[in-house]
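Here's the letter readout for the chains.
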Amino acid sequence: MELLHLAIGLVTVMALTGLAAWAYPLGREEIWWCGGGATLALLIDSIRPLRRARRADVGRQGATR
């Protein structure tokens, strides 16, 4: 589920960045830099939930065996 949220977030960031760059051609380069920063922030913010979900999965598998 966490990976699905991450994928949706990445698609959304790229879509919004692309639309913004298309809508304001004079700032296209800066908009893409901001989109890259948002992508990086999204990836960094997703590390902890992904680790937590992974630990929960591993713990659940060990409990059922």
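Structure first, text after, so check above.
The rules behind the values
Residues numbered from 1 in each chain as written. Predicted model: local features only at pLDDT ≥ 70, side-chain atom pairs only at ≥ 80, totals over all residues. Heavy atoms only, no water. Helix = DSSP H or I, 4+ residues; strand = E, 2+ residues; numbered from the N terminus. Rg over C-alpha atoms; globule rule 2.2 N^0.38 Å. Buried < 20%, exposed > 50% of the residue type's maximum accessible area, 1.4 Å probe, protein only. Areas by Shrake-Rupley, 256 points an atom, 1.4 Å probe, with all protein chains shown as cover. Polar contact = N/O pair within 3.5 Å; in protein donor to acceptor, adjacent residues only side chain to side chain. Patch = residues over 30% accessible without salt bridge, like charges linked within 9 Å, V, L, I, M, F, W, Y side chains within 5 Å. Salt bridge = Lys/Arg side-chain N within 4 Å of Asp/Glu carboxyl O. Lys, Arg positive; Asp, Glu negative; His and termini not counted. Charge placed at Lys NZ, Arg CZ, Asp CG, Glu CD. Contact = heavy atoms within 4.5 Å.

Participant: Is there a simple way to think about the overall build of the protein chain in this case?
Facilitator: If you tally the helices and strands in the protein chain, you get two helices and zero strands. For 65 residues, the compact-globule estimate of 2.2 N^0.38 gives 11 Å, and the protein chain exceeds it by more than 25% at 17 Å. Oriented by its inertia axes, the alpha-carbon framework of the protein chain measures out at about 60 × 15 × 10 Å. For the protein chain, with 65 residues in total, the buried portion stands at 15%. Entry remark: accessible area of the protein chain is about 5,400 Å², with carbon and sulfur atoms responsible for 67%.

Participant: Hey, could you run me through the side chain of Ser-46 in this one?
Facilitator: As for its position among the elements, Ser-46 is in helix H2 (residues 28-64). Here Ser-46 falls in the buried class, since its relative accessible area comes to 12%. Of note is the side chain of Ser-46, whose polar atom sits 2.8 Å from the backbone oxygen of Leu-42.

Participant: Help me understand a positive patch on the surface in this model?
Facilitator: A surface patch of like charges, here positive, comprises Arg-48, Arg-51, Arg-52 and Arg-55. Within the secondary structure, Arg-55 sits in helix H2.

Participant: Which parts of the structure should I look at to understand the side chain of Thr-39?
Facilitator: Along the chain, Thr-39 turns up in helix H2. Owing to a relative accessible area of 16%, Thr-39 belongs among the buried residues under this scheme. The residues touching Thr-39, leaving out its near neighbours within four places in the chain, are Leu-10, Val-13 and Met-14.

Participant: Help me out: how do you make sense of the environment of Cys-34 in this one?
Facilitator: Relative to the helices and strands, Cys-34 is located in helix H2. You can call Cys-34 exposed: its relative accessible area is 57%. The spatial distance from the C-alpha of Cys-34 to the C-alpha of Thr-17 is 8.0 Å, given a sequence separation of 17 residues.

Participant: Help me understand a nonpolar patch on the surface in this model?
Facilitator: A cluster of nonpolar side chains, contributed by Met-1, Leu-4 and Ile-8, occupies part of the molecular surface with about 340 Å² of accessible area. Mapped onto the secondary structure, Met-1 falls in the segment before helix H1 (2-23). Exposure remark for Met-1: the relative accessible area of 70% places this residue in the exposed category.

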